[in-house]
Each structure stands twice: as structure tokens, then as C-alpha cells.
Amino acid sequence: MTTKFKAIVVEDEALIRRSITKKVHELNETIQVVGEAMNGREALTLIEEHLPDLVLTDIRMPMMDGLELAKQLFFGYPHIKVVIISGHHEFEYARQAIAFQVNEYLLKPIVNEELGATLSRIELQLKNDLESLAHVVNSLAGYDPEELIETIKLYIKNHFHEDLSLKDIAAQLNFSTDYLSKVFKKHTGETPIKYLTRLRINEAKRLLTTNVNMDIKTVGKLVGYPDQHYFSRVFKNNTDYYPSEYRER
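Read on for a plain summary of the structure. A quick note: this is a predicted structure, and the numbers were derived from the prediction, not measured. (Residues numbered from 1 in each chain as written. Predicted model: local features only at pLDDT ≥ 70, side-chain atom pairs only at ≥ 80, totals over all residues. Heavy atoms only, no water.)

## Some words on the sheet that holds strand β3 (residues 54-58)
On the basis of which strands lie adjacent, the open sheet formed by 5 strands has the order β2-β1-β3-β4-β5 and parallel pairing. Every other strand in the sheet has two partners, leaving β2 (31-37) and β5 (104-107) as the edge strands with one partner each. Each strand axis lies, on average, 20 degrees off the axis of its neighbour in the sheet, ignoring direction. Bridging between strand β1 (residues 5-10) and β2 involves 6 bridges; their strand directions are parallel. Along β2, the bridge assignment pairs A7 with V33. Sitting on the sheet, helix α1 (residues 14-27) touches β1, β2 and β4 (81-86), and the angle it makes with β2 is about 170 degrees. The sheet contacts of helix α3 (residues 66-76) involve β1, β3 and β4, and relative to β3 the element is tilted by about 155 degrees. (Pairing = 2+ DSSP bridges. Helix = DSSP H or I, 4+ residues; strand = E, 2+ residues; numbered from the N terminus. Axes fitted to C-alpha atoms, helices over the stretch in contact; angles between N-to-C directions. Contact = heavy atoms within 4.5 Å.)

Laid out in C-alpha cells, this is it:
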């Protein structure tokens, strides 16, 4: 049976978005588009739901652009392959994403041959990842998943105030990020990063309401978000309020 890989297309222009989806299905039968989003924020919701293997994303989009999405994936879903799609005038801008280990770049307008070659390379990488994961799983035969979940939760609770990523958690516990994410999701219904974010936001709520003289930047640092603007965005995404608004309530 042929292994199928899941993909999500992120593009704010509907016609281009549908065109990319159609091309993917025509050019590579092992990669299936399971969702489309018009910006990074919508994409993260789909990613949480589907845990795709690949995300193809535009750069310029409202609400959350492609670079911010790539950053979120780098820290929260490092197993996901990312393909950045940009216009010629955006290429240098797109190169900033190299810090977030973006796998491939495609220039608009997309040429079928280039997209096909890109998908083939991504497919090969995904198959290699699967083989590596299989070795890890085989070495864990007899390991109690519930014990692993409790170990992950305990580690996150003890380190949530640090600059922590899924890659850091996996490295400390000697597991692959892919295996760790899938096992945690299966047994808890949420990803490790979702759990981490929930802990951070709950602690931020407590600090905001019990330490009214503490500035927002300090609150962010204490819960693992040294960048105040990033902390404010994450807080609003999870509560519908900016930290200052939440405190006023």
C-alpha cells in the first residue's frame, strides 16, 4: 500500500490557492491536500486538526504572514516540511525564512515542472523520516505510552517559563519530535505545544490579575515569551484579549 502524505495550502487569493491544490494532486499522487487556508492563523487551526506532513504557504497574507507561520511551525511542529511561495520581488524577504529551516522555495507564477520536482524531493524526505521513525518505534517496544505522557507533562510544567520548543523537549527525553507529537496527541487530544501554550497562558492570566503593578513585558518573560509583541499576539489568539485588556477586565 502506497504511503499517503497530508498537505495544507496557505494562500490568500482563492484562485491561486485552488490552482496550487489542483497542481499538487495532478503532479504527485502520494501527497494529498487535506485543507486550505487564506492566512497563517487559519492554517494553524487546520494544522492542529490534521497534523499534516507538508505546508505550502504564500509570504504576503493578512492576519499572519508566511514567515510568522514558518516560525510557528519551526518551534511547534518541527516535523512539518515547509515550502515558501513568493513573487520575484519578495525573494530576499522570503530568504529570511532560512532561519526557520524552510525546506524549499518556489517563485510565482508556479511552473509545473518546478513544483513537481519540489514535491518529489519533499516526498523523499518524508519517506526517510518515516523510516527513521520506524527505527525509533521498534526500539520502544514495550514502553508504556502513559508513562511517557506523564514524563512529557512534568518536563513541560518544570520548564514552561524557558524558551522551550518541541525539539528541545524531544532532545531532552531522547525521542524524535514526530513520535513525541503523535503519541502525545493520541493520548491527550492536543499537541505538546498546545499543552505548553495553555500552561503559559493560564500562568500569564494569574500573574496579570494577582500582580497588577507588574508590566506586561515582565509577565511575558516569566511565562516563556521574552518578546513582548509575540507574547501579546499569542495571548490574544488564545483569549481574544490583549494582556492589558485582560488585566483591565
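So, next bit.
## Here's the deal with the layout of surface pockets
Considering only enclosed or pocket space, the largest pocket measures out at about 750 Å³ in volume. For the largest pocket, the lining is made up of 26 residues, of which Q72, I193, T197, Y230 and V234 are closest to its centre. Broken down by secondary-structure element, the contributors of at least two residues to the lining of the largest pocket are α2 (40-50), α3, α9 (192-210) and α11 (228-239). Among the residues forming the lining of the largest pocket, the class breakdown is 10 nonpolar, 7 polar and 9 charged. Volume-wise, the second largest pocket comes out at about 220 Å³. Lining the second largest pocket are 14 residues, and of these H79, L126, D129, L130 and D178 sit closest to its centre. (1 Å grid on protein atoms, 1.4 Å probe; cavity = no way out; pocket = protein on both sides within 12 Å on 5 of 7 lines; lining within 4 Å. Points joined across faces, edges and corners; volume = space filled by probe spheres on them. Nonpolar A, V, L, I, M, F, W, Y, C, P; charged D, E, K, R; others polar.)

## Brief notes about the packing of aromatic side chains
Going through the model one piece at a time under the given rule, you end up with 6 aromatic pairs. Aromatic pair Y225 and Y230: ring centres 5.8 Å apart, planes at 70 degrees, arrangement edge-to-face. We note that Y225, like Y230, is buried. When the ring centre of Y230 is taken as origin, the NZ or CZ atom of K71, which lies over that ring, is 4.8 Å away. (Phe/Tyr/Trp six-rings, centres within 6.5 Å; stacked < 30°, edge-to-face > 60°. Buried < 20%, exposed > 50% of the residue type's maximum accessible area, 1.4 Å probe, protein only. Lys NZ or Arg CZ within 6 Å of the ring centre and 35° of its normal.)

## Topic: the pattern of salt bridges
For the structure on display, the rule yields 11 salt bridges. Its salt-bridge partner being K108, residue E11 comes within 3.2 Å of it at the nearest N-O pair. With a gap of 97 residues between them, E11 in the loop between β1 and α1 and K108 in the loop between β5 and α5 (112-139) connect regions that are remote in the sequence. Assessed through its relative accessible area of 1%, E11 is described here as buried. Relative accessible area serves as the criterion here: at 22%, K108 is assigned to the partly exposed category. (Salt bridge = Lys/Arg side-chain N within 4 Å of Asp/Glu carboxyl O.)

## Quick look at the nonpolar core
Side chains that are nonpolar tend, in soluble globular proteins, to be buried together. Formed by 21 residues in total, the largest nonpolar core has its most connected members in V10, I47, V55, L69 and L73. For this core, the elements supplying multiple residues, two or more each, are β1, α2, α3 and β4. In this view, V55 contacts I8, V10, I47, L69, L73, I80, K81, V82 and V83; residues no more than four positions away in its chain are not counted. (Core = buried A, V, L, I, M, F, W, Y, C linked by side-chain atoms within 4.5 Å.)

## With respect to the environment of V83
If you trace the backbone, V83 turns up in strand β4. With a relative accessible area of 1%, V83 lands in the buried category. Sequence separation between V83 and T57 is 26 residues; the distance between their C-alpha atoms is 6.3 Å. Beyond its immediate stretch of four places on either side in the chain, V83 contacts L54, V55, L56, T57, E104, L106, T118 and I122.

## Topic: unusual backbone geometry
Looking along the chain, the bond that leaves K108 and enters P109 is cis, with omega of -10 degrees. As for its placement among the helices and strands, P109 is situated in the loop between β5 and α5. The phi torsion at M63 lies on the positive side, around 70 degrees, for a residue other than glycine. Take M63: it is sitting in the loop between β3 and α3. Despite not being glycine, D240 shows a phi value in the positive range, around 75 degrees. Note on placement: D240 falls in the loop between α11 and α12 (243-248).

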